[in-house]
Amino acid sequence: LELIRQNHGVSIEIDDIPLDDEKTYRLYQLGETNGTFQFESAGMQKYLRELKPDQFADLIAMNALYRPGPMAYIPNYIERKHGRQQIDYDVPDMAEYLEETYGITVYQEQVMLLSQKLAGFSKGQADVLRKAMGKKDKKTLDKMKDAFVAGATRQGHPIEKLDKIWTDWEAFAQYAFNKSHSTCYAFVAYQTAYLKAHYPSEYMAAVLNHAGSIDKITFFMEECKRMGLKVLGPDINESQKGFAVNQKGEIRFGMMGLKGVGENAIEFILEERKKAGPFNTIFELVKRVSLRALNKKSMESLAYSGAFDCFKEYHRAQYFINKETNVSGIDTIVTFGSRYQAQAQQQTNSLFGDMISMDIPTPQLPKVDAWTLTELLDHEKEVTGMFMSGHPLDHFKFELKHYNITSLSEFNEVKDAPQLQANTSRQYRLAGLVVDAQHRVTKTGRNFGSMTIEDFSGKTELMFWSDDYVKFQNYLEKGKNVLVQGNFKARYNSDQYEFKPTSINLLEVTKQNCTRQLIIEIPPKAISSGFISFVEKNIKKFPGKASIKFNIHDVLDDMKVGMYTLEKGFTMNDEMVDFLVENKDVEVQVVST
């Protein structure tokens, strides 16, 4: 709300927003609820896309229904809302209180009101019933059944219907939910969705500021990309303390997220920017900001993170040690700034200040080679905890998810546990970016090598000896994306184990080479002429040996039909991957070789 006020001059009274906002319901109908309260799980998003909520009552009901037990009623709720399933009431008098939930009992309050209407229960009795249901108190429920049947019979309701109603209520007692509770949750959820729908940049910046862990920050940064919002790295002229939105509506990483940059330095930078505008050069920065606050360590962290990239005359490598002169660029800059600030102070203190020359020549940083992408990313991760300039593995998220690839953090746990390595029959498939590669020679003149690979979870080092080195040495090169397969084997004459690679391929060819079958789970409603047309054209365009299987699953009637290719196969390809990732209604499984 504060970011919205700063950027748009709008003060929103969040409790007074309209509950019939079309843009907000559109967000729910598309299932684009990541980063909002209560409604962000994948399962909930799927049901929201089917339900297409258009009123606040739908959100209250979904919040109550999306839990073990009542979840089974969600397909019926959806079908009844859209008029595809008839709404029947056990007795007509129930319509008054069940109409809003299409004949399905969702809330404790409905049971309380119905017990009063059908059986003449007092408000006190109805509340006892609510408490008994909430506590699953079978003894009390059994006693109350007799009173309910007797009271409802007196009002002329058929006993066989009453038995059914009570049986339904007993089942309901397993998951009874309070409507007032669900309403409060749904209201807070709606407020977050309203802000995301109307002020996406400011809302997501706030979500990122409160995300906590690096994993969550990375997840929400991905959501920003999906929404078409740019999340940019730190910038000395645009970054605030936390994530904030710039003039173009882009989200900028905050300086407080940088390791090694003190809060004092950030305060001085922001204050100086506010007073005299942006910094035009790196040397102007050290002229204007107190170097007692902005020390060398802070300068290094800012440079590593890319916060000085706005100064186009220099690239990041120029701020660090020059191998020829053995002098760091930041040392040169800080020395210049210290001299300038010392003279400025001397001039301020002198009676004859106007006679002291401030003509200190601005140095130039020597030309050096720019860092490789891998070096750039390494340093970024060091100070921000993540890869701000994008990661080469970003293009391989489908492979990492669907091709039975073990994360490197999980693999490292096995490397540290001899009892797990003893399972030599287990095959491991690892994938990552080569961040370091060594080609060496033993004392006896034999060649060997090592390769360090990194994925989103961590990094690991793999060793290559004798024949393995000869076989795989071409893959030992920084910057390559590789898929490594292998298993642990006992070392010769030892009770220790080592990982032995059996094959290495470039990660780029994984889809084409490792797909045996593509399995697509899809509800009947999601099958359109466009879907059929795309699949048909794609199979013709990319013929191959992999097969496709469709599992068409009708949840409502619990019917499943499986169909698969018999003759013509296809080759898994980027177009198919993009289509499946964008189509939220399908679930994908890959059977890999």
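What comes next concerns the included structure. (Residues numbered from 1 in each chain as written. Predicted model: local features only at pLDDT ≥ 70, side-chain atom pairs only at ≥ 80, totals over all residues. Heavy atoms only, no water.)

**Things to note about the overall build of the chain**
Counting secondary structure elements, the chain contains 25 helices and 14 strands. Here the C-alpha atoms of the chain give a radius of gyration of 32 Å, more than 25% beyond the 25 Å that 2.2 N^0.38 yields for 593 residues. Summarising its shape, the C-alpha atoms of the chain cover approximately 105 × 75 × 50 Å along the three principal directions. Buried positions account for 46% of the 593 residues belonging to the chain. The contacts in the chain between residues at least 6 apart in sequence include a share of 62% that link residues at least 24 apart. For the chain, the computed accessible surface area is about 31100 Å², with 50% contributed by carbon and sulfur atoms. Placing the 73 positive and 79 negative side-chain charges of the chain at their respective mean positions leaves the two points 3 Å apart. (Helix = DSSP H or I, 4+ residues; strand = E, 2+ residues; numbered from the N terminus. Rg over C-alpha atoms; globule rule 2.2 N^0.38 Å. Buried < 20%, exposed > 50% of the residue type's maximum accessible area, 1.4 Å probe, protein only. Contact = heavy atoms within 4.5 Å. Areas by Shrake-Rupley, 256 points an atom, 1.4 Å probe, with all protein chains shown as cover. Lys, Arg positive; Asp, Glu negative; His and termini not counted. Charge placed at Lys NZ, Arg CZ, Asp CG, Glu CD.)

**Concerning the packing of aromatic side chains**
Summed over the entire model, instances satisfying the criterion amount to 35 aromatic pairs. Ring centres of Tyr-304 and Phe-320 lie 4.2 Å apart, and the angle between their planes is 15°; on these two criteria the pair is classed as stacked. Of this pair, Tyr-304 sits in helix H16 (residues 296-305) while Phe-320 sits in the loop between H16 and helix H17 (329-349), placing them 16 residues apart in sequence. By relative accessible area, which is 11% here, Phe-320 ends up buried. Ring-pair connections join several aromatic residues into one group, and the members of that group are Phe-283, Phe-308, Phe-311, Tyr-314, Tyr-319, Phe-336 and Tyr-340. The ring centre of Tyr-47 lies 4.6 Å from the NZ or CZ of Lys-46, which sits over that ring. (Phe/Tyr/Trp six-rings, centres within 6.5 Å; stacked < 30°, edge-to-face > 60°. Lys NZ or Arg CZ within 6 Å of the ring centre and 35° of its normal.)

**Some remarks on the side chain of Ser-115**
Looking at where Ser-115 falls in the secondary structure, it is placed in helix H7 (residues 108-119). Its relative accessible area of 0% is what places Ser-115 among the buried residues. Polar contacts involving the side chain of Ser-115 include one to the main-chain carbonyl oxygen of Met-112, which spans 2.7 Å. With sequence-adjacent residues up to four places away left out, Ser-115 is seen in contact with Gly-120, Phe-121, Ala-126, Leu-129, Phe-148 and Trp-169. (Polar contact = N/O pair within 3.5 Å; in protein donor to acceptor, adjacent residues only side chain to side chain.)

**Re the environment of Asn-295**
The residue Asn-295 is located in the loop between helix H15 (282-288) and H16 in this model. A relative accessible area of 36% means that Asn-295 is categorised as partly exposed. Of note is the side chain of Asn-295, whose polar atom sits 3.3 Å from the backbone nitrogen of Lys-297.

**Some details on the pairing of strand E11 (residues 547-554)**
Successive residues of a regular strand alternate their side chains across the two faces of the sheet. Taken together, the six bridges between strand E9 (residues 515-522) and E11 define a ladder with parallel strand orientation. Residue pairing in the sheet places Gln-517 in a bridge with Ser-547 of E11. Relative to strand E12 (residues 559-564), E11 is paired through six bridges, and the arrangement is antiparallel. Bridging from a neighbouring strand, Asp-554 pairs with Met-559 of E12. (Pairing = 2+ DSSP bridges.)

**Quick notes on H7**
Here H7 spans 16 Å end to end across twelve residues, near enough to the 16 Å set by a 1.5 Å rise per residue. Of the positions making up H7, those classed as buried are Gln-108, Gln-110, Val-111, Met-112, Leu-114, Ser-115, Leu-118 and Ala-119. Its buried side turned inward, H7 meets helix H6 (95-98), helix H8 (123-135), helix H9 (138-154) and helix H10 (159-172). Trailing H7 by a residue or two, Gly-120 shows a phi angle of about 70°, which is positive. (Expected span 1.5 Å × (residues − 1).)

**Section: the pairing of E9**
The buried fraction of E9 is high, at six of eight residues. The pairing of E9 with strand E14 (residues 587-592) spans six bridges and is antiparallel. Looking across to E14, one finds that Glu-521 is bridged to Glu-587.

**Regarding the pattern of salt bridges**
This model, assessed by the stated rule, comprises 40 salt bridges. Across the pair Glu-50 and Lys-46 runs a salt bridge whose closest N-O atoms are separated by 3.4 Å. A residue pair is termed a helical-turn pair when its members lie 3 or 4 positions apart in one helix, as Glu-50 and Lys-46 do in helix H3 (residues 42-51) at four residues. For Lys-46, a relative accessible area of 22% translates into the label partly exposed. A salt bridge links Arg-288 to Glu-284; the nearest nitrogen and oxygen atoms lie 2.5 Å apart. Here Arg-288 and its partner Glu-284 are both found in helix H15, four residues apart, which amounts to about one turn of the helix. Residues Arg-288 and Glu-284 agree in their burial class; the two are buried. (Salt bridge = Lys/Arg side-chain N within 4 Å of Asp/Glu carboxyl O.)

**Focus: unusual backbone geometry**
Backbone geometry at Gln-38 places phi at a positive 75°, although glycine is not the residue there. With respect to the helices and strands, Gln-38 occurs in the loop between helix H2 (22-29) and H3. Classification of Gln-38 as partly exposed rests on a relative accessible area of 34%. One non-glycine residue with positive phi stands out, namely Lys-52, at about 55°. You can call Lys-52 partly exposed: its relative accessible area is 42%.

**Notes on the packing of helix H12 (residues 200-209) against helix H13 (residues 214-226)**
Contact pair H12 / H13: the axes reach a minimum separation of 9 Å and the direction vectors enclose 170°. The orientation of H12 relative to H13 falls into the category roughly antiparallel. Between H12 and H13, the contacting residues are Met-204, Val-207 and Leu-208 on the first element and Ile-217, Phe-220, Met-221, Glu-223 and Cys-224 on the second. (Axes fitted to C-alpha atoms, helices over the stretch in contact; angles between N-to-C directions. Parallel < 35°, antiparallel > 145°, perpendicular 65-115°, else oblique.)

**A word on the sheet that holds strand E2 (residues 244-245)**
If you trace the three strands from one edge of the open sheet to the other, you get E1-E3-E2, paired in mixed fashion. Across the chains shown, the open sheet's two edge strands, defined by having one partner strand only, are strand E1 (231-232) and E2. Pairing of E2 with strand E3 (residues 251-252) involves two bridges; the strand directions are antiparallel. Looking across to E3, one finds that Val-245 is bridged to Ile-251.

**A look at the environment of Asn-505**
Considering the arrangement of structural elements, one finds Asn-505 in strand E8 (residues 497-506). For the pair Asn-505 and Thr-101, spaced 404 residues apart in sequence, the C-alpha separation works out to 55 Å. Setting aside its immediate chain neighbours within four residues, Asn-505 contacts Tyr-475, Asn-481, Val-482 and Leu-483.

By themselves these figures say nothing about function.
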